[in-house]
Structure formats: structure tokens, C-alpha cells
Amino acid sequence: MADIAKLVEELSKLTVMEAAELSKALEEEWGVSAAAAVAVAGPAAGGGGEAAEEQTEFDVILTGDGGKKIQVIKEVRAITQLGLTDAKALVEGAPKAIKEGVNKAEAEEIKGKIEAAGGTVEMK
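Residues numbered from 1 in each chain as written. Predicted model: local features only at pLDDT ≥ 70, side-chain atom pairs only at ≥ 80, totals over all residues. Heavy atoms only, no water.

### With respect to unusual backbone geometry
Inclusion rule: Labels follow the DSSP assignment, with helices taken as runs of H or I lasting at least four residues and strands as runs of E lasting at least two, numbered in each case from the N terminus.
A cis amide bond links Ala-94 with the next residue in sequence, Pro-95, at an omega value of 10°. Within the element layout of this structure, Pro-95 appears in the loop between α5 (84-92) and β2 (96-102). Unlike most non-glycine residues, Gln-81 shows phi in positive territory, near 65°. By secondary structure assignment, the location of Gln-81 is in the loop between α4 (69-80) and α5.

Here it is, written out as C-alpha cells:
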């Protein structure tokens, strides 16, 4: 996986305008809105019970390669943009998260791709 501290350091160097452009690009790429994430997180922090009724964010967990490790590694690389070594380590270290905090449609799409490649996936 990416070195988080290094990523934070690089992002800290962005100007306000560059950060706004990055935010917009990520919203378009992932199909989410930063405002929606704040709206979802706000009530959950204060209330409790109501937020647990319907899950809006999912973690996609690779549970196994189904004996088709190479195909699953290729699919993990395509989904996560990881390098070959990192993708191989993720697949060999299963169960591990492929993506975290994604919407239901994206989670189901990832699950379908991994299962088509021969792997097994769990959504939490």
C-alpha cells in the first residue's frame, strides 16, 4: 500500500486552488461528493441509532484468490492502481481490504470483477 505519511506530506504542499481541483477530480473519479460524506458523518457522530439502519459505505474485502491468483492480481491492480508487487502482496495476504468506504454500487462492481477473475470477496 502507499506510504500514508509520504502522501500526506505531498498533499500538504498543494495550494488551495490545487486542493480544490484535486477534490473535484476525486469526486468525479469516485462518483461521490465531499458534502455528502460530511452530511452522512455528521448525524452518525451525534445521534447513533438511526445511522445504523442503512449502510451507505462498504469495505470490499478480498477473502481468497480461488486458485486463480494471477487473474485476481491483474484485477486488483486494475481496481486499486497498485503496482505489481503491492497487488501480489494484497492477494497473497488475503483476507485484506481492496477498497474501503465506497458506495454500494461501486462495491458490488468491484465484487463482480474479482469474482469474475476467480477470487472471493466479502462486503462489510
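Let's pick the thread back up.
### Remarks on α4
Our working rule: By this rule, a helix spans an expected 1.5 Å times one less than how many residues it contains. Throughout this description, buried means an accessible area under 20% of the type-specific maximum (1.4 Å probe, protein chains only), exposed means over 50%, and partly exposed covers the range between. Here the arc refers to the directions that run from the helix axis out to each C-beta atom. It only takes one pair of heavy atoms within 4.5 Å for two residues to be counted as in contact.
Counted at 1.5 Å a residue, the expected span for α4 with its 12 residues is 16 Å, and the 16 Å between its end C-alpha atoms agrees. Along α4, the residues that are buried comprise Val-72, Ile-73, Val-76, Ile-79 and Thr-80. One side of α4 carries all its buried residues, which in axial view fall inside an arc of 130°. Opposite the buried face of α4, at more than 90 degrees from it, the exposed residues are Ile-70 and Lys-74. Contacts from the buried residues of α4 go to β1 (58-64), α5, β2 and α6 (104-117). Two residues or fewer past α4, Gln-81 is found with a positive phi of approximately 65°.

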